[in-house]
Amino acid sequence: MTPIDREGVVRRHTVKITRPDPATVLTVGNGDFAYTADITGMQTFTAFHDQAAARAEGRLAVNTATMSTWGWHSMPNPEGFVLADAMSTYETSRGPVQYPDRFDMAAMMGGGEVAREWRAGTWLHVNPHRLDLGRIGLVLRPEPGAPAETDPAVLTGPRQRLDLWTGTLTSVFSYAGHEVRVTTVADPRHARVAFRIESDLLATGRAAVAVRFPYASDGFFATSDWDAPDRHTTTLHLLDQHACRFGRILDDTSYAMRLDWSEGGIGPAAQPHTFELTTPAATLDLVAGFAPGGVLGRGEFTTIEGAAISWWREFWTSGAAVDFAGSTDPRAAELERRVVLSQYLTAVNCSGSMPPQETGLITNSWQGKFHLEMHFWHAAHFATWGRPGLLERSLGWYGSILDAARETARRQRHDGVRWPKHVGPDGRESPSDIGSLLIWQQPHLLYLLELLHRTREEPHGLVTRFAGLVEETAAFMASFVEERDGVFHLPAPLVPAQEFYDARTTEDPTFELAYWWWGLEIAQRWRERLGLERHKRWQHVQDHLALPRQEEGRYSAIATEPYLRRDDHPSMLCALGVVPATPLIDPAVMEATLLDVRDHWDWNSAWGWDFPVMAMTATRLGRPDLAVDALLGDSAKNTYLPTGHSPQIGSILPVYLPANGALLAAVSLMAAGWEGAGRDCPGFPRDGRWTVRHEGFTPWPRGRGTAHPEQDRK
């Protein structure tokens, strides 16, 4: 078979922007660092993209920020709040157990005063938060010395192009009759961004570069606070005629930025924490590097540009590719666009050394913390798309929080380790009446490792490296269940993936039951790979797990009242689709469940990853007709902007990378199938409208059970 023209596929979807829009930003980065630019290719019109102002006015906007996996800050804690201050007691069969659930979400989001009883939980929830490391933008003036322009409407003829193949952002526009061209690239290995600015406005003093540093913010989606100049310090140190270092101190947080430029000089501006770089030349090369301790050495634009081009070409020419050219289904081109842009966005935002937040390194959500139940959606696809190294980068982080996860399990009277839901880099739980009781993130590490294992020709090193984490993860799962009359249940208190049930009474959610079986099965296989016998206790649990509740031939979400709500996540579909076949799930019942969800779910309340979930279930059931319809379902939360972003709740969540990652996971299952699937492209109809060429995928695991249709029925 002729190889896919990968460059042709990628370049078909080069991002082109021709007007400023508060919701339109473009990002360059490397998984651990990212710089997000406006229509100028820099961070020039920051107020235009302010999410807080947009939210107040009912508009969609995305901040322009510079963020990293290592840049975090905590507000002062004069009252010395600790996790024990945010605990409530729950009665369980194991006796009284404390969970850190004391947090008032409504007060935090509304900006009102937090009641004293919730203050500890609120401080612990919003700290630490991810830092905006600094803004680097143009200063455009109608004449030298005049105030800078603040509205992008003064630009004419803007033309912006993100070349996905090379990771290069090129922005061209005219101001006051003069053309300005900005080229922006990120260093693929360091926290550096480089610019080449070309315009005769530079030499005349009507254009310059501003470097601005904000204080941190503990707001939900805010990345910065520009109204607290007295709460942080910025020190400028000139290194030579073409380089300087900025020392930054925000409470207990410190970091540095190094700036290198080709010609000109820099000095303080009128506003605090703001510096202006001017040049007599018509071309200015500029490199900004950030570091938590010492700073990087000198950076050169051409060197960084060359490294970025090489890295992105290697990215696109390795791993998997899919090409829908020749398809007559009118949706094929849009699906291909979403696939290409999602690969770029997840590489930039989700491939770092820590699990990503839902909005990546573009803007903050939940104060920049990550949700471990979303780690699967952010990163599982890297393995199935043949780029396992981008997944493996973040898995070592679990080992770094082992002590905290072990203490959580011990406090709850369980064995092993309990992985948190909502968490910062230190692994300390964030108080929440949902997050502290959620359980579906627990098997994720096992599944991610299994996907990684499938990509290895020599997997023994991987098996031994993670053996301890696998064992302790499974030990918690086997001790979490509760035996009643010879049947093992997932007992209250718990919160399922469909989060709006009463944690104190909810039991045996359908998805989590199947995932518990599959997670323990992976751990058993891990033992066998180490030359050990299958664990007898784990096997006993697997063999006697409760079957999910059925009602009128369909699966309920949970086994306790109210059994099923038809909003939020249709999580029971994950039990066969995301999770492979298990002895717990009947394919015929799951197909009836799938059809019921399709016809009766409140899709306006669903989330971006729910559409790929439905597609994965349809694919496993041999219903490719439903898979494509689900993946491209017409819903506000299944919309992908020209940038590839999939907004969910307006300016509160204008970027939602779990949707991008889930899309890629679904397409890999639909194209490459799973071990023993019996046909190629099991998720695409054979009706003559779809031409699907693919290469480089790693098939998904088969699991064990009866749900392995050799032929699709539609």
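Residues numbered from 1 in each chain as written. Predicted model: local features only at pLDDT ≥ 70, side-chain atom pairs only at ≥ 80, totals over all residues. Heavy atoms only, no water.

1. Quick look at the overall build of the protein
Then, in step 1: Of regular secondary structure, the protein possesses 19 helices and 28 strands.
Then, in step 2: Over its C-alpha trace the protein gives a radius of gyration of 26 Å, about what one expects of a compact globule, namely 27 Å for 714 residues.
Then, in step 3: Taking the principal axes of its C-alpha atoms as reference, the protein extends roughly 80 × 65 × 50 Å.
Then, in step 4: Counting only contacts in the protein whose residues sit at least 6 apart along the sequence, the fraction spanning at least 24 positions is 71%.
Then, in step 5: For the protein, the exposed area adds up to about 24,300 Å²; of that, 49% sits on carbon and sulfur atoms.
Then, in step 6: Averaging the locations of the 68 positively and 87 negatively charged side chains of the protein gives two centres separated by 3 Å. (Helix = DSSP H or I, 4+ residues; strand = E, 2+ residues; numbered from the N terminus. Rg over C-alpha atoms; globule rule 2.2 N^0.38 Å. Contact = heavy atoms within 4.5 Å. Areas by Shrake-Rupley, 256 points an atom, 1.4 Å probe, with all protein chains shown as cover. Lys, Arg positive; Asp, Glu negative; His and termini not counted. Charge placed at Lys NZ, Arg CZ, Asp CG, Glu CD.)

2. Quick look at the pairing of strand E15 (residues 233-240)
Then, in step 1: By the bridge criterion, seven bridges tie E15 to strand E16 (residues 243-250) in an arrangement that is antiparallel. If you follow Thr 235 over to E16, its bridge partner there is Gly 247.
Then, in step 2: Taking the residues between adjacent antiparallel strands as the criterion, E15 and E16 are bridged by two residues. (Pairing = 2+ DSSP bridges.)

3. Brief notes about the nonpolar core
Then, in step 1: By size, the foremost hydrophobic cluster in this structure holds 218 residues, and its most contacted members are Ile 136 and Trp 377.
Then, in step 2: The element best represented in this core is helix H19 (residues 657-672), accounting for 12 residues.
Then, in step 3: Contacts of Trp 377, omitting those with residues within four sequence positions, involve Trp 440, Val 578, Trp 609, Val 613, Met 616, Pro 658, Gly 661, Ala 662 and Ala 665. (Core = buried A, V, L, I, M, F, W, Y, C linked by side-chain atoms within 4.5 Å. Buried < 20%, exposed > 50% of the residue type's maximum accessible area, 1.4 Å probe, protein only.)

4. Topic: the packing of helix H13 (residues 467-480) against helix H14 (residues 510-529)
Then, in step 1: Here H13 crosses H14 at 140°, and the two axes come no closer than 10 Å. By the criterion of interaxial angle, the relationship of H13 to H14 is oblique. Crossing of H13 against H14: the hand is left-handed. Contacts between H13 and H14 involve Ala 467, Val 470, Glu 471, Ala 474, Phe 476, Met 477, Ala 478 and Phe 480 from the former and Tyr 515, Trp 516, Gly 519, Leu 520, Ala 523, Trp 526 and Arg 527 from the latter.
Then, in step 2: Here the contact of H13 with H14 is composed, by residue class, of 12 nonpolar, one polar and two charged. (Axes fitted to C-alpha atoms, helices over the stretch in contact; angles between N-to-C directions. Parallel < 35°, antiparallel > 145°, perpendicular 65-115°, else oblique. Left-handed = near helix turned anticlockwise from the far one by under 90°. Nonpolar A, V, L, I, M, F, W, Y, C, P; charged D, E, K, R; others polar.)

5. Describing the sheet that holds strand E14 (residues 207-212)
Then, in step 1: Taken in spatial order, the four strands line up as E9-E14-E19-E18 in an open sheet, and their pairing is antiparallel. Both outer strands of the open sheet, strand E9 (135-140) and strand E18 (265-268), are each paired with one neighbouring strand and no more. Mean inter-strand twist for the sheet, computed between neighbouring axes without regard to direction, equals 25°.
Then, in step 2: Bridge analysis of E18 against strand E19 (residues 274-278) gives four bridges, and the strand direction is antiparallel. Its bridge partner lying in E19, Pro 268 is registered against Phe 275.

6. So, the sheet that holds strand E13 (residues 192-198)
Then, in step 1: A sheet is described by the order of its strands in space; here nine strands give the open sequence E1-E10-E11-E12-E13-E20-E17-E16-E15, paired in antiparallel fashion. Each edge of the open sheet is held by one strand with a lone partner, namely strand E1 (15-17) and E15. Averaged over all adjacent pairs, the angle separating strand axes in this sheet is 15°, with direction ignored.
Then, in step 2: In terms of strand pairing, strand E11 (residues 168-175) meets strand E12 (residues 178-186) through seven bridges, oriented antiparallel. Note on E12: the bridge partner recorded for Leu 169 is Thr 184.
Then, in step 3: Where helix H6 (residues 301-317) meets the sheet, its contacts fall on E11, E12, E13 and strand E20 (283-291), and the angle it forms with E12 comes to roughly 60°.

7. Focus: the side chain of Glu 373
Then, in step 1: Relative to the assigned elements, Glu 373 resides in the loop between strand E22 (370-371) and helix H8 (375-384).
Then, in step 2: Looking at Glu 373, its side chain comes within polar contact range of the side chain of Lys 421, at 2.9 Å.
Then, in step 3: In this view, Glu 373 contacts Lys 421, Leu 438, Trp 440, Gln 441, His 444 and Glu 499; residues no more than four positions away in its chain are not counted. (Polar contact = N/O pair within 3.5 Å; in protein donor to acceptor, adjacent residues only side chain to side chain.)

8. Digging into helix H16 (residues 587-600)
Then, in step 1: With 14 residues, H16 should cover 20 Å at 1.5 Å per step; its first-to-last C-alpha distance of 20 Å lies within 8% of that length.
Then, in step 2: Residues of H16 that are buried in the fold lie against strand E26 (550-551), strand E27 (554-555), helix H17 (610-620) and helix H18 (624-631).
Then, in step 3: Where H16 starts, the residue carrying a side-chain oxygen 2.9 Å from the main-chain nitrogen of Ala 588 turns out to be Asp 586. (Expected span 1.5 Å × (residues − 1).)

9. A few points about the packing of H8 against helix H9 (residues 388-400)
Then, in step 1: Axis separation between H8 and H9 bottoms out at 6 Å; the angle between their running directions is 135°. The orientation of H8 relative to H9 falls into the category oblique. The chirality of how H8 crosses H9 is left-handed. Side by side, H8 and H9 meet where His 375, Ala 379, Phe 382 and Ala 383 of the first sit next to Pro 388, Leu 390, Leu 391, Ser 394, Leu 395 and Tyr 398 of the second.
Then, in step 2: Of the residues assigned to the contact of H8 with H9, the class counts are eight nonpolar, two polar and no charged.

10. Looking at the packing of aromatic side chains
Then, in step 1: Under the defined criterion, the tally for this structure stands at 37 aromatic pairs.
Then, in step 2: A ring pair is formed by Phe 220 and Phe 221, whose centres lie 6.5 Å apart and whose planes are at 85°; its orientation type is edge-to-face. Across the pair, exposure class does not vary: Phe 220 and Phe 221 are buried alike.
Then, in step 3: Consider the rings of Phe 220 and Trp 366, whose centres lie 4.9 Å apart with planes at 65°: the pair is edge-to-face. In this pair, Phe 220 is assigned in the loop between E14 and E15 and Trp 366 in the loop between helix H7 (332-350) and E22, connecting sequence segments 146 residues apart.
Then, in step 4: Through successive ring pairs, a cluster of aromatic residues spans Phe 376, Trp 377, Trp 440, Tyr 447, Phe 511, Tyr 515, Trp 518, Trp 609 and Trp 700. (Phe/Tyr/Trp six-rings, centres within 6.5 Å; stacked < 30°, edge-to-face > 60°.)

11. Side note on unusual backbone geometry
Then, in step 1: Following Ala 492, the chain continues into Pro 493 via a peptide bond in cis, with omega recorded as 0°.
Then, in step 2: Counting through the fold element by element, Pro 493 comes out in the loop between strand E25 (487-489) and H14.
Then, in step 3: The residue after Glu 561, namely Pro 562, is reached through a cis peptide bond having omega 10°.
Then, in step 4: Position of Pro 562 among the secondary structure elements: in the loop between E27 and H16.
Then, in step 5: In the Ramachandran plot, Ala 176 falls in the positive-phi region, its phi being about 55° despite a non-glycine side chain.
Then, in step 6: If you trace the backbone, Ala 176 turns up in the loop between E11 and E12.
Then, in step 7: For Ala 176, a relative accessible area of 41% puts it in the partly exposed group.

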